[in-house]
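In case you want the letters, here they are:
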Amino acid sequence: MRPLVTLLAFCFLGVVAVRSAPAVEDEGGSEDGSEDGSEDELEVVLPDSTFDTFETPELPEDIEKLMEEELLAQMKEGEVDELEEPDTEEPDSEGRDKREAAADDCADSLPPSRDKCLCRIWADMGFCKSARFRFFMSMYCSGSCRCKGAYPCKDVSNERLCTSIKARGYKSGPLPELCCPKSYGFCTAEAPADGGPSSLGGLTAFEQSCLDNHNAKRHLHDAPDFRWCPTCAQEATKYAKKLKAVYDANPRVLRLKHSSRAERTWAVDGKNVVHGENLFWTFSSAPSCSGVSKYTNAVEAWYDELKYYKSWRNYNRRPVTSRGIRKYGHFTQLVWKASVGVGCGRSGNTGNHILVCMYETAGNRLRTSAFNKNVKI
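An account of the accompanying structure is given in this report. (Residues numbered from 1 in each chain as written. Predicted model: local features only at pLDDT ≥ 70, side-chain atom pairs only at ≥ 80, totals over all residues. Heavy atoms only, no water.)

## Concerning the packing of aromatic side chains
Throughout the structure, instances matching the rule amount to 13 aromatic pairs. On the numbers, 5.6 Å between centres and 75 degrees between planes, the contact of W122 with F136 is edge-to-face. One end of the pair, W122, is in helix 4 (residues 117–124); the other, F136, is in helix 5 (residues 134–140), and 14 residues separate them in sequence. Both residues of the pair, W122 and F136, count as buried. Where Y309 meets F371, the ring centres are 6.4 Å apart and the plane angle is 25 degrees; that geometry is what we call stacked. Here Y309 is found in helix 13 (residues 306–313), whereas its partner F371 is found in helix 15 (residues 368–374), with 62 residues between them in sequence. Residue classification places Y309 among the buried residues on the basis of a relative accessible area of 0%. An aromatic cluster is built from Y303, Y309, W312, Y328, F331, W336 and F371, whose rings are joined through pairwise contacts. Residue placement shows K166 over the ring face of Y184; its charged tip is 5.3 Å from the ring centre. (Phe/Tyr/Trp six-rings, centres within 6.5 Å; stacked < 30°, edge-to-face > 60°. Helix = DSSP H or I, 4+ residues; strand = E, 2+ residues; numbered from the N terminus. Buried < 20%, exposed > 50% of the residue type's maximum accessible area, 1.4 Å probe, protein only. Lys NZ or Arg CZ within 6 Å of the ring centre and 35° of its normal.)

Structural data, given as structure tokens:
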């Protein structure tokens, strides 16, 4: 039997050893460096109720994956410390930033860590007018909602994301056209005014964009390239201004009416030729032939009628009718094989103006065989 004195001494040493061992802290210790106190005495820190606590509009799966990878890469490299960065600028600098943002009508209010292209994509998907997300879009993406389809010609995503988009083989769609339009050359031809010549063949930037975008659509339907028709452009501009003058004289009359046959007929190589015509009117921004939105890009709006042509013609199994042409005739004139030239003009280069394009020679000949021959789908 072990002596009582020895047993008591052993127990005393054990107690001393246990009480003398330092408490094991979480890696890094407490925020103030202190190791004293129980867990009940530690400060409780709650997560921010900011961007990540809102229900956001959905994204296409491939875009969401790419954006997420970009955000995680930024965090890993220390470019972003938090998902929601606090504003730490000095007051003067902060005021300057706000004034600069206010000066940019297309500026959005996403957190600094979020790619600004998200707003453009959501706006293009129609969420600005969604009853479910209208409040969210007005809070974070008001600029994109206001400027949809008429953004400044610059990359809104950072250089690394644009490089990643190219590396993944994207050549069109929302990522190249909305996030990196300048890098991809989608907006280099557009200019704020019609008067300045582009570097492409002596045409103005507006004229070049109209020619290029017409031909891009024609390529999809095995139609040869248009050449630029200066007389068409001159007559189109004249008629656009005439229509606008009628509206300005009586704003209650909101009607796009085609020019008369006589106004679209003039001599070409000694022969009177009837020309085709497409019309377009925008209110929020200048009418143009560039951009990805059918609401501000005349060519996109006209080309959107392809769906009507397919439906009415049932892939050429139904005959052509005048009623049908009135529904899809902008598209068919755009890709009409026998038309060889185009010229466009507009009544002004700001909002609430009219764009007219005239075509040499006219398409949309009212005969089923003519449509089957000249419009390939």
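## Observations concerning the nonpolar core
Counting residues in each nonpolar core, the largest one holds 31 residues, and the members touching the most others are W228, V342, L355 and F371. Of all the secondary-structure elements, those providing two or more residues to this core are helix 10 (205–219), helix 12 (298–303), helix 13, helix 14 (322–335), strand 5 (341–346), strand 6 (353–360) and helix 15. The residues touching L355, leaving out its near neighbours within four places in the chain, are F206, N278, L279, F280, P287, S288, C289, A298, W302, G345 and R346. In terms of nonpolar packing, the next biggest core, distinct from the first, is built from 28 residues, C106, C117, F136 and Y140 among them. (Core = buried A, V, L, I, M, F, W, Y, C linked by side-chain atoms within 4.5 Å. Contact = heavy atoms within 4.5 Å.)

## As for the sheet that holds strand 5
What links the strands of a sheet is backbone hydrogen bonding, and the strands pair in either a parallel or an antiparallel sense. One open sheet accounts for four strands, arranged 1-5-6-4; its pairing is mixed. The sheet is open, and its two borders are formed by strand 1 (227–228) and strand 4 (276–282), each paired with just one other strand. One ladder, built from six bridges, connects strand 5 with strand 6; its direction is antiparallel. Paired with R346 across the two strands is L355, which belongs to strand 6. Where helix 10 meets the sheet, it contacts strand 1, strand 5 and strand 6, and its direction lies at approximately 135 degrees from that of strand 5. Helix 11 (residues 230–249) rests against strand 1, strand 4, strand 5 and strand 6 of the sheet, and its axis sits at about 35 degrees to strand 5. (Pairing = 2+ DSSP bridges. Axes fitted to C-alpha atoms, helices over the stretch in contact; angles between N-to-C directions.)

## Observations regarding helix 7 (residues 159–167)
Quick reminder: α-helices carry 3.6 residues per turn. Residues three or four places apart thus point the same way. All of the buried residues in helix 7 are L161, C162 and I165. All buried residues of helix 7 project into a common sector of 100 degrees when viewed along the axis, lining one side. Away from the buried face of helix 7 by more than 90 degrees, exposed residues E159 and A167 are located. The opening residue of helix 7, the one whose side-chain oxygen lies 3.2 Å from the backbone nitrogen of R160, is N158. Immediately beyond the C-terminal end of helix 7, within one or two residues, lies G169, with a positive phi of roughly 90 degrees. (Arc of directions from axis to C-beta. Polar contact = N/O pair within 3.5 Å; in protein donor to acceptor, adjacent residues only side chain to side chain.)

## A word on the state of the cysteines
Each disulfide consists of one covalent bond between the sulfur atoms belonging to two cysteines. In total, this model carries eight disulfides according to the counting rule given. C119 shares a disulfide with C141; S-S distance 2.0 Å. Classification of the bridge connecting C119 and C141 rests on its S-S torsion, roughly -65 degrees, and on that basis the disulfide is left-handed. On the criterion of sequence distance, the pair formed by C119 in helix 4 and C141 in the loop between helix 5 and helix 6 (142–147) is long-range, its members being 22 residues apart. C119 sits in the buried class, given a relative accessible area of 0%. In this model C210 forms its disulfide with C289; the gap between the sulfur atoms is 2.1 Å. Since a negative S-S torsion denotes a left-handed disulfide, the C210-C289 link at about 75 degrees is right-handed. Of the two residues, C210 sits in helix 10 while C289 sits in the loop between strand 4 and helix 12, which places them 79 residues apart along the sequence. Taking relative accessible area as the criterion, C210 reaches 0% and is therefore assigned buried. (Disulfide = S-S within 2.5 Å.)

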